[in-house]
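Observations on chain architecture
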Amino acid sequence: FQIETISAKMLDYYVERSDAVIIDLGLLQKGHVRNAVNIPYHELEEYLEKKQEQKYQFPGDKILILYCDRGGASMQAARSLARAGCRTRSVIGGFA
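As for its position among the elements, Glu45 is in helix H2 (residues 41-50). Here Glu45 is buried and forms no salt bridge, its nearest opposite-charge partner Arg83 lying at an N-O distance of 7.1 Å. A distance of 3.4 Å separates a polar atom in the side chain of Glu45 from a polar atom in the side chain of Ser80. The residues touching Glu45, leaving out its near neighbours within four places in the chain, are Gln76, Ala77 and Ser80.

Time to look at the environment of Ser74. Relative to the helices and strands, Ser74 is located in helix H3 (residues 72-83). Relative accessible area serves as the criterion here: at 0%, Ser74 is assigned to the buried category. Residues Ser74 and Thr88 lie 14 residues apart in sequence; the distance between their C-alpha atoms is 9.9 Å. In contact with Ser74, other than residues within four places in its own chain, are Leu25, Leu66, Tyr67, Cys68, Ser90 and Val91. Of the polar contacts made by the side chain of Ser74, one reaches the backbone oxygen of Gly71; its length is 3.0 Å.

This next bit is on the packing of aromatic side chains. One pass over the structure, following the stated rule, counts one aromatic pair. With a centroid separation of 5.0 Å and 85 degrees between ring planes, the pair formed by Tyr13 and Tyr14 is classed as edge-to-face. For Tyr14, a relative accessible area of 5% gives the class buried.

Before going further, it helps to spend a moment on the nonpolar core. Ile23, Leu25, Leu44, Phe58, Leu64, Leu66 and Leu81 are the most contacted members of the largest nonpolar core, which has 17 residues in total. The greatest single-element share of this core, amounting to five residues, is contributed by H3. One finds Leu11, Ile22, Ala36 and Ile63 within the second-largest nonpolar core, a separate group that totals twelve residues.

Bringing the pattern of salt bridges into the picture now. Evaluated as defined, the whole model comprises three salt bridges. A salt bridge links Glu4 to Arg89, with the nearest nitrogen and oxygen atoms 3.2 Å apart. Here Glu4, found in strand S1 (residues 4-6), pairs with Arg89, found in strand S5 (residues 87-91); they are 85 residues apart in sequence, far enough to count as distant. With relative accessibility at 42%, the residue Glu4 sits in the partly exposed group. Exposure remark for Arg89: the relative accessible area of 16% places this residue in the buried category.

The buried count for strand S2 (residues 20-24) comes to four of five residues, which makes it a mostly enclosed element. The sheet contact formed by S2 and strand S4 (residues 63-67) spans five bridges and is parallel. Looking across to S4, one finds that Ala20 is bridged to Ile63. Sheet topology places S2 next to strand S3 (residues 37-38); two bridges connect them, and they run parallel. Bridging from a neighbouring strand, Asp24 pairs with Asn38 of S3.

Each value, and the rule that gives it
- Residues numbered from 1 in each chain as written.
- Predicted model: local features only at pLDDT ≥ 70, side-chain atom pairs only at ≥ 80, totals over all residues.
- Heavy atoms only, no water.
- Helix = DSSP H or I, 4+ residues; strand = E, 2+ residues; numbered from the N terminus.
- Buried < 20%, exposed > 50% of the residue type's maximum accessible area, 1.4 Å probe, protein only.
- Lys, Arg positive; Asp, Glu negative; His and termini not counted.
- Salt bridge = Lys/Arg side-chain N within 4 Å of Asp/Glu carboxyl O.
- Polar contact = N/O pair within 3.5 Å; in protein donor to acceptor, adjacent residues only side chain to side chain.
- Contact = heavy atoms within 4.5 Å.
- Phe/Tyr/Trp six-rings, centres within 6.5 Å; stacked < 30°, edge-to-face > 60°.
- Core = buried A, V, L, I, M, F, W, Y, C linked by side-chain atoms within 4.5 Å.
- Pairing = 2+ DSSP bridges.

If you want it as structure tokens, here you go:
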């Protein structure tokens, strides 16, 4: 899957949009973006692999904007969510 990437500065564009959900994949919430939802990467991957419960619900009409500390985890998560039918964007370079 080809994932669209955005810069960290572009997050401001999505913060107030009603058609976007910003997801922080970090374990700690340092540098947390306003209005972002914190879902640690390992929890998201476990959910997508097992699909045991509906712990997370990702609305199909929203763009999921994912970020992490370096950018690798957000890209992987964006690919996994795209395979599951979600519209995604990954913040390139992360928020180190």
